[in-house]
Structure formats: structure tokens, C-alpha cells
Amino acid sequence: MTPRLDAVGLVVSDMAASLAFYRRLGLDVPADADSAPHAEATLPSGLRVLWDTEETVRSFDHGWTRPSGGDRIGLCFRCDGPAEVDAVHDELVSAGYRSHIEPWDAVWGQRYAVVLDPDGMGVSLFADAA
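Not measured: the values here are computed from a predicted model.

K.L.:
What is the right way to read the side chain of Thr56 from this model?
P.N.:
Within the secondary structure, Thr56 is located in helix α2 (residues 54-60). Side chain to side chain, Thr56 and Thr53 meet in a polar contact 2.8 Å long.

K.L.:
Can you walk me through the pattern of salt bridges in this structure?
P.N.:
Two side chains that carry opposite charge are able to pair once their charged atoms sit near each other. Evaluated as defined, the whole model comprises 10 salt bridges. We note a salt bridge from Arg48 to Glu40, for which the minimum N-O separation is 2.9 Å. Arg48 sits in the partly exposed class, given a relative accessible area of 24%. Judged by its relative accessible area of 32%, Glu40 falls in the partly exposed class. Arg78 is the salt-bridge partner of Asp128, the closest N and O atoms lying 3.6 Å from each other. With Asp128 in strand β7 (residues 122-128) and Arg78 in strand β4 (residues 75-78), this pair connects stretches of sequence that are 50 residues apart. Among the residues examined, Asp128 registers a relative accessible area of 46% and is labelled partly exposed. Taken together, the shared-partner salt bridges connect Arg4, Asp6, Glu40 and Arg48 into one network.

K.L.:
Even after reading the chapter, I still don't get the nonpolar core, so can you show me in this structure?
P.N.:
Core analysis: the biggest nonpolar cluster contains 28 residues, and Tyr22, Leu25, Trp51 and Leu125 have the highest contact counts within it. The set of elements that each furnish at least two residues to this core consists of β1 (7-12), α1 (15-24), β2 (38-42), β3 (48-53), β4, α3 (82-94), β6 (110-116) and β7. With four residues, α1 is the largest single contributor of residues to this core. Non-local contacts of Leu125, meaning those with residues more than four positions away in its chain, are made with Leu25, Phe77, Cys79, Val85, Val88, His89, Leu92, Arg111, Tyr112, Ala113 and Val115.

K.L.:
So what exactly am I meant to see when it comes to the sheet that holds β1 here?
P.N.:
One key point about sheets: their strands pair by backbone hydrogen bonds, in either a parallel or an antiparallel sense. Strands sit in the order β1-β3-β2 across an open sheet of three strands; the sheet is mixed. Each having just a single partner strand, β1 and β2 make up the two edges of the open sheet. Sheet twist, expressed as the average angle between the axes of neighbouring strands with direction ignored, equals 15 degrees. In this structure, β1 lies alongside β3, joined through six bridges in parallel fashion. Following the sheet pairing, Gly9 is matched in β3 by Leu50. With respect to the sheet, α1 is in contact with β1, β2 and β3, its orientation differing from that of β3 by roughly 155 degrees.

K.L.:
Help me understand the pairing of β3, please; the structure alone is not making it clear to me.
P.N.:
Successive residues of a regular strand alternate their side chains across the two faces of the sheet. Across the six residues that make up β3, a large majority, five, are buried. Here β2 pairs with β3 via five bridges, running antiparallel. Each bridged residue has a counterpart across the sheet, and for Ala39 the counterpart in β3 is Trp51. Connecting β2 to the next strand, β3, in antiparallel fashion are five residues, including Gly46 with a positive phi near 100 degrees.

Definitions and limits used
- Residues numbered from 1 in each chain as written.
- Predicted model: local features only at pLDDT ≥ 70, side-chain atom pairs only at ≥ 80, totals over all residues.
- Heavy atoms only, no water.
- Helix = DSSP H or I, 4+ residues; strand = E, 2+ residues; numbered from the N terminus.
- Polar contact = N/O pair within 3.5 Å; in protein donor to acceptor, adjacent residues only side chain to side chain.
- Salt bridge = Lys/Arg side-chain N within 4 Å of Asp/Glu carboxyl O.
- Buried < 20%, exposed > 50% of the residue type's maximum accessible area, 1.4 Å probe, protein only.
- Core = buried A, V, L, I, M, F, W, Y, C linked by side-chain atoms within 4.5 Å.
- Contact = heavy atoms within 4.5 Å.
- Pairing = 2+ DSSP bridges.
- Axes fitted to C-alpha atoms, helices over the stretch in contact; angles between N-to-C directions.

Such coordinate-based values are descriptive only and should not be taken to indicate function.
If you want it as C-alpha cells, here you go:
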């Protein structure tokens, strides 16, 4: 038996706000999911992204509390090139989301930036350097 990674789950405080952010990054989430306690999107690779409200998680994990002190997992979105990293970063910031790391040419050979989702989780944007 070999388990396989099938999904990445996010616990969110505001489903509609979180889904609006991830839709801007191209995830196809049905519009009627904004008021649901659970939502999901299947990526072209077959990997799924799942969203559950804090209330949903507390319904089966009675001791769950909102994490604090930084991210332990982060979602990373590959862009087509360095200019797209800048453009997506700027579009998200213009839409009211907070930049955590402005676009820069990272020493590991990528154009790289981080924007915070509505729950404060860092979401990386990257592309191979030109």
C-alpha cells in the first residue's frame, strides 16, 4: 500500500474572501461555494485544493484553535515569466491584498514574491529568472 498526495486543505475564517483571492490566481471554484462550509477545486494535475471554514473543522476537531506564529505550509504558484510575477503581485496588491515580500530576483535563480491571503498565509509567486 502506498498513500498518494491527493489534496491540500486550507482552514479559512471567511470562505468568500478566501475563494475570491484564490480565484484571482486562476483556481476554478464554483460561485455558489462562497457560502458553503466546504469547497474544493481540482487542478489540471488532478491535485485538489480544499477549503473548510473554522466552524467546520471545529465540528469534528473540538480542540482546534487558529494557528499563530507563522506558516508551516505555503502554496506556490508558478508564473510564465518574471514579468508575470510582478504583474500578478501588483494586481493582488491593487485589489487590497497585502504584500509580504515584494518581487525580487532571488539568489536561487527565480523571480519571487509573496502575497498574504485573507487569513494571512503566505502565497508564493515565482518564475524562472530571465
